[in-house]
Structures are given as structure tokens and as C-alpha cells.
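Architecture at a glance
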Amino acid sequence: MAELREVVYVDGVRTAFGRATPDGYFAKTRADDMAVKAVSDILRRNPQLPHEKIDDVVFAATAQVGDQGLTLGRDVALLAGLPKSVPGFAVDRMCAGALTATTAGAGEIAMGAADVVLVGGVEHMGHHPMGEDVDFNPRFIAERIVDESAAVMGQTAENLHDAFPHLTKEDADTYAVESQRKAGKAWEDGVMDGIVVPMSVFTDDGWTVASRDQFLRPDTTMEALAGLRTPFRAGGRVTAGNSAGLTDGATAALIASAAAAEELGLEPKMRLASFAYTGVEPELMGLGPVPATHKVLERAGIGVDDIDLFELNEPFAVQVLTWCDGVGVAPDDPRLNPYGGAIACGHPLAATGVRLMAQLARGFRDRPGSRYGLTALCIGLGMGAAVLWENLQNGG
């Protein structure tokens, strides 16, 4: 049996993330066209890659219906003008969709079944609200397989506050303010210019360019957040200010075997070192990244102190705080989300994983002495994902 091959991350991009509302950037734009835009820019940025050398296209969506259905990977490949010989498929692991697309593609590469794979995710939450057209099996509740609150992500976040009462609303708001500040600085410093690809979109006011995240509010203050309502529970602690907004967006990344990257003249930025998925109680789904992080570090034989950068999704501030508690990282640790996170930019479910990867690759570039980085997130119905990466931009 052949040895497993090394898998490298070459490049990753995303659209701006727009509000999932009738006045959001992408209200009149198809989801698959958003995905095509991300893929097209990956191809433009890597002109040395012959399109016929792409062995597969793996794309994720949580709502695999309508304009983000139709075996999305193949749909996007054809619409992006790739040769008809290039296959594709779709995956769904909710918020970990793009990460799962990446690890699925990586498995093909590691086994020698592919050399170059395009991966990504898209979620048009304006067209397909979370849970729409989902027929939950009544046994879930009737047989107490899961708590009823597990179906509403905001309620699971309130459950985390219940389970960890030392994590207060003030703590969550403090984290949210800092996420907005860091994201604003990242845009000012040009970090996002290398990650976010502008897209022309049609709106009620005519054509415009979606080029900046619509939820970005770098001037957010504690005072402003203190007065926001708690929609998931009277007197609760989860608000729109310390949560990620409902968003539309798409991401795409290029991964390859180390040998293929060298042969084709591609410039890899990271090596995939290990990954792990885990399950937790569905009503406490935000805990998922904690055991996933421990699992991937154990598999790699390293500790949390060996990680130089963390890109952790921020669906809710309290979820980040529980991860910090669970793995021993302070919420203000400079290694954690240096460019802000989903509280500032939004979380278009299946698309988010590649955003984390692209920001980690940029973080490695900005910190050439770094060796290991982690991308991690929680997943609906009680799961967690963590992917360990090694920096290939460390300047020798």
C-alpha cells in the first residue's frame, strides 16, 4: 500500500459577507454565482495551474436546495468554465462545511486519488434561512434524543451561559467589542485586500460592488451592547451584538499534494498536519471545538502552547469563551483571532471554514517565526471540528 502523501494549502479567498436581508449585498444574487466568483478568482490568482489538472471540486452548503443545490461542486465547476472532465460533489456538515470539503479533498490527495482539488463553501442565508424546509424527526423530542433547545443555535448559546455561569454577559460583550476592533484594524491595514474578492452585484439601487463586510462596526462600544435585547430568552445574555450576524457569502481554496504543487509552480502556504471531528451534547453544541482541539493536538503529539495562531469561529462570544476555558487560552491572547472574527464579519455557515484558513495563512505570513496554527469551529447538533496546519512561509 502506498504511503499517504502530504497535502498543502495553496490559496484561499472569499467574497465580502453581506447581510441576509432584502437590502443585503446578495439579495438579488444567486448562491452558486457567489461560489463561482470565489472559484474564478482562485484560478485568476494562480494562472500557472492548467484547469484540466484540477481533479475534483468539493463544495459545501448547509441548505442544499434551490440556488445552492444541484450537486454544488459539479454545478460550480461547470459554471466557472472548468473542463467538463473535472468532476465535483457537495458536502454538508453545517458550520464545518468548508472545513469538511477541505478534509474530504485532502483525503483524495493523501490517498493518491487526486493531485489538485478546489474546495469551498457557500451559504445564502437570505434565500435559505437556517432550518427552512427541514423536517425534524419528532423522535428527537418525543424520545428525548436531544433537548428541544438544540434546534435553535441562540438557545444553545444561552445554555452555555447556564452551564458556565462565570462567563457573564459582560465577558461576552467585552470579547465582541474586541473582535470588532481587530477586524476594523485588519481592514485598515489591508489584510483583507488579499483575502476578500470584490463582486459586482445588482441591488434595488442598481449595480454596486460588494467589497466590504456589511456587519463590520469597529466603533462598537460596551455601552451600545449593554442595551441590546436578548431575543432567545427574557433577561438572557446572548444579543445581536455578541453574536455573528446572519450572512450571505462564499469561499474557495486550492489544495494540492506537495509534489503536484512543486511540479506546477504553485506556492504552498500551509501543510495540513492533522484534523479531528467530535460530538458533544447537541444542546451545548458550542462546546464542540474543545474536545476536537484536544483530539487533534493529541494525535499530533503537541500541546496548546505549541500553537502559534488560532483561528476560531465566533458564532457567539460565549462559545469562544468556553473554548478558551476548555483549552487554557485567555480570550485576549494575541494568538487568538488576530484579525477579528465572525462577530464582526458574519458567519455564512458552510462558507466559514475557508475564511478561517485564509486568515490563518495570512497570519503565518505576518508572523514568519510561527510553526503551527489551528482552525476550529462548533457545529450544529453538537459537533466540533479542528484542523492543524503547519506554516510553510517561515522564511527558512
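As the structure is a computational prediction, the values presented were derived from the model and not from experiment. (Residues numbered from 1 in each chain as written. Predicted model: local features only at pLDDT ≥ 70, side-chain atom pairs only at ≥ 80, totals over all residues. Heavy atoms only, no water.)

**Let's talk about the packing of aromatic side chains**
Taken as a whole, this structure holds 5 aromatic pairs when the rule is applied. Each ring, one from Y25 and one from F26, has its centre 6.0 Å from the other, and the planes form 75°; the classification is edge-to-face. The exposure class assigned to Y25 is buried, which follows from its relative accessible area of 16%. Since its relative accessible area comes to 0%, F26 is described here as buried. The interplanar angle of 65° and the centroid separation of 6.0 Å between the aromatic rings of F275 and Y277 together place this pair among those described as edge-to-face. The exposure class of F275 is partly exposed, given its relative accessible area of 30%. By relative accessible area, Y277 is classed as buried at 18%. We note R14 situated over the ring of F17; from NZ or CZ to the ring centre the distance is 4.3 Å. (Phe/Tyr/Trp six-rings, centres within 6.5 Å; stacked < 30°, edge-to-face > 60°. Buried < 20%, exposed > 50% of the residue type's maximum accessible area, 1.4 Å probe, protein only. Lys NZ or Arg CZ within 6 Å of the ring centre and 35° of its normal.)

**Here we look at the state of the cysteines**
Counted by the stated rule, this structure contains 0 disulfides. Lacking any disulfide linkage, C95 is separated from the closest cysteine sulfur, that of C378, by 6.1 Å. For C95, a relative accessible area of 10% gives the class buried. With relative accessibility at 1%, the residue C378 sits in the buried group. (Disulfide = S-S within 2.5 Å.)

**Things to note about the nonpolar core**
Residues I54, L118 and W389 are the most contacted members of the largest nonpolar core, which totals 84 residues. Take this core: its biggest share by element is 8 residues, from helix α1 (residues 31-45). In this structure I54 touches L43, L49, L82, V86, V116 and L118, once residues within four positions along its chain are discounted. Ranked by size, the runner-up nonpolar core spans 39 residues in total, among them L167, L321, W323 and V327. (Core = buried A, V, L, I, M, F, W, Y, C linked by side-chain atoms within 4.5 Å. Helix = DSSP H or I, 4+ residues; strand = E, 2+ residues; numbered from the N terminus. Contact = heavy atoms within 4.5 Å.)

**Considerations on the packing of helix α3 (residues 97-110) against helix α12 (residues 352-366)**
Here α3 crosses α12 at 70°, and the two axes come no closer than 5 Å. It follows that α3 is roughly perpendicular to α12 by the angle criterion. On α12, the residues that touch A98, L99 and T102 of α3 are G353, V354 and M357. Broken down by class, the residue content of the contact of α3 with α12 amounts to 4 nonpolar, 2 polar and no charged. (Axes fitted to C-alpha atoms, helices over the stretch in contact; angles between N-to-C directions. Parallel < 35°, antiparallel > 145°, perpendicular 65-115°, else oblique. Nonpolar A, V, L, I, M, F, W, Y, C, P; charged D, E, K, R; others polar.)

**Overview of the side chain of S149**
Along the polypeptide, S149 turns up in the loop between α4 (139-142) and α5 (153-163). Under the relative-accessibility criterion, S149 is labelled buried at 8%. In terms of polar contacts, S149 uses its side chain to reach the side chain of D147, at 2.5 Å. Leaving out residues up to four positions away in the same chain, S149 has contacts with Q155, T156, N159 and E283. (Polar contact = N/O pair within 3.5 Å; in protein donor to acceptor, adjacent residues only side chain to side chain.)

**A short note on the environment of V191**
Here V191 lies in the loop between α6 (169-188) and β6 (196-197). Residues contacting V191, with those up to four places away along its chain left out, are A186, Y339 and R362.

**Quick word on the pattern of salt bridges**
Taken as a whole and judged by the stated rule, the model has 19 salt bridges. Here D41 and R44 are joined by a salt bridge, their closest N and O atoms 2.6 Å apart. Taken together, the positions of D41 and R44, both in helix α1 and 3 residues apart, correspond to about one turn of that helix. Judged by relative accessible area, which is 7%, D41 ranks as buried. You can call R44 exposed: its relative accessible area is 53%. (Salt bridge = Lys/Arg side-chain N within 4 Å of Asp/Glu carboxyl O.)

**Quick look at unusual backbone geometry**
For T71, which is not a glycine, the phi torsion comes out positive at approximately 45°. Positive phi, normally seen in glycine, also occurs at L381, with a value near 65°. Examined against the element boundaries, L381 turns out to sit in the loop between β12 (372-379) and β13 (383-391). Residue L381 is classed as partly exposed on the basis of its relative accessible area of 36%.

**Notes on the side chain of T203**
Of note, T203 is situated in strand β7 (residues 199-203). Excluding residues within four positions of it along the chain, T203 makes contact with Y25, K28 and T208.

**Here we look at the pairing of strand β5 (residues 116-124)**
The buried fraction of β5 is high, at 9 of 9 residues. Of the strand pairs in this sheet, strand β3 (residues 56-60) and β5 are connected by 5 bridges, and their pairing is parallel. Paired with V57 across the bridge in β5 is L118. (Pairing = 2+ DSSP bridges.)

**Overview of α5**
The element α5 is largely enclosed, with a buried count of 8 among its 11 residues. Where α5 is buried, its residues contact α6 and α10 (317-327).

**Quick word on the environment of S370**
Here S370 shows up in the loop between α12 and β12. Classification of S370 as buried rests on a relative accessible area of 5%. Residues S370 and R217, spaced 153 residues apart in sequence, show a C-alpha to C-alpha distance of 30 Å. Other than its neighbours up to four places away in sequence, S370 contacts D308, F364, N391 and N394.

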